[in-house]
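Coordinates in review
The primary structure of each chain is shown beneath.
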Amino acid sequence: MQSDNYLNVLNPEQCQAVMHEGSPLLILAGAGSGKTRVITTKIAWLIEQGTDPRSILAVTFTKKAANEMRERACRLNEQAQFAQIRTFHSFGSWFLRIYAEYAGLAPNFTIYDDDDMLTLLSKTSPELTHNQCAHYVRLISRAKDYCLLPESENLSQIDEDLCFADYYQKYEERLRETGNVDFGDLISLPIKVLKENPEIQAQVHHRFRVIMIDEYQDSNVAQFELLKILAGAETYVCVVGDDDQSIYSFRGAEVQNILTFQENFKGAELIKLERNYRSVASVLKIADEVVKNNKDRLGKTLIAERSGGKKPVAVFLSNQDDETAFCAEIIKAAYAKGCPYSDWAVLYRTNAQSLSLETEFINKKIPYKVVGSLKFYDREEIKDVIAYLSLVLNPRDEVSFSRVVNKPLRSIGNSSQQKIIEFARSTYGTIEILPENRVVLKGSILEACSDNALSLPAKAKKGLQSFLEIMNALISELKNNESDEAAVSKEIYDIAQAAVEEQLLSNVPFEKEKTLASFIEKVISTSGLGDFHSTKDEIAGTQRLNNMQELANSAVLYPKTKAGLALFFDHIELDRAVTQAEDSSDAVTLITLHNTKGLEFPRVIITGIEKGIFPREDKKGSELEEERRLFYVGITRTRDELYLTTTSSRRLYGRVEWMSPSPFLAEINRNSIDVLGRKPARFYFADEKQQKNSSKYISTSEKTEHDLLYEHWKPGTKIYHDDFGYGLVCKAFYIKSDFAIFAAFESGIKKQFIPEHCKSTLMRIKN
DNA sequence: GACAGTGAAATTTTT
DNA sequence: TTTCACTGTC
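Residues numbered from 1 in each chain as written. Chains lettered and ligands numbered in written order. Predicted model: local features only at pLDDT ≥ 70, side-chain atom pairs only at ≥ 80, totals over all residues. Heavy atoms only, no water.

Another aspect to go through is the pairing of strand 2 (residues 56-60). Of all 5 residues in strand 2, 5 are buried, a share of seventy percent or more. Side chains Ile 56, Ala 58 and Thr 60 project from strand 2 onto one buried face, and the interleaved Leu 57 and Val 59 project onto a second face that is buried too. Pairing of strand 2 with strand 6 (residues 210-213), which is carried by 4 bridges, proceeds in the parallel orientation. Looking at strand 6, one finds that Ala 58 is bridged to Met 212. As paired strands, strand 2 and strand 3 (residues 84-87) are joined by 4 bridges and run parallel to one another. Looking at the pairing, Val 59 lines up with Arg 86 of strand 3. The handedness of the strand 2 to strand 3 crossover, carried by helix 4 (residues 63-76), is right-handed. (Buried < 20%, exposed > 50% of the residue type's maximum accessible area, 1.4 Å probe, protein only. Helix = DSSP H or I, 4+ residues; strand = E, 2+ residues; numbered from the N terminus. Pairing = 2+ DSSP bridges. Right-handed = clockwise from strand over helix to strand, strands pointing away.)

Once that is clear, we can look at the packing of helix 6 (residues 114-124) against helix 7 (residues 130-145). Helices that pack against each other are described as a pair by the angle of their axes relative to one another and the distance between those axes. Contact geometry of helix 6 with helix 7 gives a least axis separation of 9 Å together with a crossing angle of 115 degrees. The element helix 6 and its partner helix 7 pack so that their crossing is right-handed. Taken together, the residues of helix 7 that come into contact with helix 6 (itself represented by Asp 114, Met 117, Leu 118, Leu 121 and Ser 122) are His 130, Cys 133, Ala 134, Tyr 136, Val 137, Ile 140 and Ser 141. Tallied by class, the residues present in the contact of helix 6 with helix 7 amount to 8 nonpolar, 3 polar and 1 charged. (Axes fitted to C-alpha atoms, helices over the stretch in contact; angles between N-to-C directions. Left-handed = near helix turned anticlockwise from the far one by under 90°. Contact = heavy atoms within 4.5 Å. Nonpolar A, V, L, I, M, F, W, Y, C, P; charged D, E, K, R; others polar.)

As a structural note, the neighbourhood of DNA strand B is formed by 24 residues, with Arg 251, Arg 349, Asn 351, Ser 415 and Tyr 653 the closest of them. Within 4 Å of the protein, atoms of DNA strand B come from sugar and phosphate in 54% of cases. At 3.0 Å from a phosphate oxygen of DNA strand B is found a side-chain nitrogen or oxygen belonging to Ser 416. Within the side chain of Thr 592, an N or O atom sits 3.2 Å from a phosphate oxygen of DNA strand B. Ranked by residues supplied to the surface near DNA strand B, first place goes to helix 19 (residues 414-428) with 3 residues. Here the surface near DNA strand B is built from residues that sort into 6 nonpolar, 13 polar and 5 charged. (Near = heavy atom within 4 Å. Polar contact = N/O pair within 3.5 Å; in protein donor to acceptor, adjacent residues only side chain to side chain.)

Let us now look at the sheet that holds strand 3. Strand order in the open sheet made by the 6 strands is 3-2-6-7-1-8, with parallel pairing throughout. On the outer flanks of this sheet lie strand 3 and strand 8 (269-273), each paired with one strand and no other. Strand-to-strand twist in this sheet, taken as the mean axis angle between neighbours without regard to direction, amounts to 15 degrees. Taken strand by strand, helix 3 (residues 35-48) contacts strand 1 (25-29), strand 2, strand 3, strand 6, strand 7 (236-241) and strand 8, and its axis lies near 170 degrees from that of strand 6. Across the face of the sheet, helix 11 (residues 221-230) comes into contact with strand 2, strand 6 and strand 7 while running at roughly 165 degrees to strand 6.

Moving on to the confidence of the model for chain A. Mean pLDDT over chain A works out to 83, with 88% of the residues at or above the 70 mark. Within the model, pLDDT remains below 50 along residues 696-704, and this stretch shows 2 contacts once partners closer than five positions in the same chain are excluded. (pLDDT = per-residue confidence, 0-100.)

Before going further, it helps to spend a moment on the nonpolar core. Ranked by size, the top nonpolar core spans 52 residues in total, and within it Val 385, Phe 401, Ile 420, Leu 464, Phe 467 and Ile 520 carry the most contacts. Ignoring any residue separated from it by four or fewer positions in sequence, one finds Phe 401 in contact with Leu 391, Ile 420, Ile 421, Ile 445, Cys 449 and Phe 467. Listed in part, the 46 residues of the second largest apolar core include Val 181, Leu 189, Tyr 216 and Leu 574. (Core = buried A, V, L, I, M, F, W, Y, C linked by side-chain atoms within 4.5 Å.)

The N-to-C vectors of helix 9 (residues 185-196) and helix 10 (residues 198-207) enclose an angle of 110 degrees; their axes lie 5 Å apart at closest approach. Relative to helix 10, the element helix 9 lies roughly perpendicular. Facing helix 9, whose interface residues are Val 193, Leu 194, Lys 195 and Glu 196, helix 10 presents Pro 198, Ile 200, Gln 201 and Val 204. (Parallel < 35°, antiparallel > 145°, perpendicular 65-115°, else oblique.)

Right, let's talk about the environment of Asn 77 for a bit. In this structure, Asn 77 sits in the loop between helix 4 and strand 3. Along the sequence, Asn 77 and Thr 40 sit 37 residues apart, while their C-alpha atoms lie 9.4 Å from each other. The residues touching Asn 77, leaving out its near neighbours within four places in the chain, are Ala 44, Ile 47 and Glu 48. Only 2.9 Å separates the side chain of Asn 77 from the backbone nitrogen of Gln 79, close enough to count as a polar contact.

This is the structure:
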């Protein structure tokens, strides 16, 4: 496509951002201001101006965003397929596979997730309980987000706990012994390699002339350090972000990165994109009413390009069954009028909230898809298969080893496992240091297992023997397909990647026998995992077998080599949430608020806007502001219609809890919003509150509402309750903002009720 | 070393 | 309500 075509559709600021050059650039892009369009157009533009696409590095935070960016850029200029468009973590992984030995890694490393981190920590510090381990794993992750090492002086800023450095240190040493990495390492190890090896830094500076980062407000300190060291004197750096949409500080995102960008990159220019093309004005209005309550922001006002629009609707419901029913009904009603299901997204704060929605949608036969929280890779059987694969790739992986050495049961219990690992560490765990900071890891747990010096009970020894046979058979199966028997080297890795891409591009049917899928099938059968899981539980067994088969199927594009396996690992570790096939079927989207970042929908329902849930109870200060930004993000996903639902009671872990509307809801003006259902008596929207405060009289609306309730339930009123029978109201009063009554029944039982909460079981008998 | 039974805790957000 | 860790027995 010609540049005059795609530049024509941009507004002046967008155009300026696309064509800007010569100094670093910070683009402050409000929600819906077309920032992805700006980045993708910029990529196309740069290529057209003669920039080698291979020298462009564009970084995003999620795989989904990266894929979308690549697709859209390629549509503008097909050369964009040669640009490096990746997530931060996949870039780190790519870099480390090339320079593994400079980072003290096996080039065939795999990535430990939080769960694996926990296993490893509990091994290095067995005195810790499960909960303590989980706590320290969080701290370690956080420390790595801030680029802090165990010996760093500033480590105390993560936690005052004096033992922390010690646990961290031991964990880190042991992790290096395994040759694997955790998520934090994917950022911090490249920094280390670049710092220690100026010649690699020079290579990288030469390779990447343009670096662009999307969602810059969510970058952490380590990612900022990485950016600084990746950018040479000649590199053009362009970052895009929105401080109002920073929602990840809980995991180390540092808004300071965007606020201080101009200080850190000298001469940086700033372009603001404030025209919103996504939402109708009525939606943008309440977004602004909410977010302006945050003190800690640069401050910008979005200008709605789409005027008018239906007012958003606040919906007051009595419990979450009503809430799910409401969602289902409104979606069905719209469907009947020709609105497709895919126009809708139902948003919630925590994943647990999706469950009741799913049940309701199944009952009402509404097709839906749940984004994120796909627990596929968390399933036991899947983790087991992955552990076998990981061990094939990296025989030093002790976490995977202890996961599967006795699965299926081979009489190798905990104590035997400890023995094996200790033996392997003491006898085989050597690290050889080569010139130029290079490190080579030697020996492996599997080697140690076959050593005669290892003393174990006869039963365990026999079990170990059969385990070894299985592993060796699998390892040699992959080796036969390797052109070069050496470990995964850069070249092989590149070749494998090219093969995957080729396979994706060509529509040629491939022979399954030659793909990684057939290898994984082999792993499932020869390891005994297939039989183990299918016989263990007759009912769930088939499903588990299916899940394992599905894992195998998802590897069908990968070549049956070690490099192919390594690539497949990157794919599953770095893309766990989005693996669900993007099918084109018409379905409602169920999604957490966090996961909606970067998405948009014509019609949005935000559910559970209640105190204690959203915002969560323990949030205050800057954390509360972050929750508010999350609400802002949710609202601004909307193109046309927005519904905000609140309930007055909710089942929480089996118990029924009384809820009241979120304070965020009260930040909206009454005349910006329509109300559906009965508003709790003491709940006021922002302007109603002002009215009330400025007047010494009780506002009319309150008086009416209160009077109505009091009239209905005044003392002496006869009532009937499903469980307690007939009785009389003794007293009418308020509990917090809820109207309550105290009643005495004929049976002698005295009870307190909130009529609003038990509409179905409690009724008034007319005299 | 395997496994059943008991008691208690737990529920954020994610690359 | 569900899940998970721990205990005691075979």
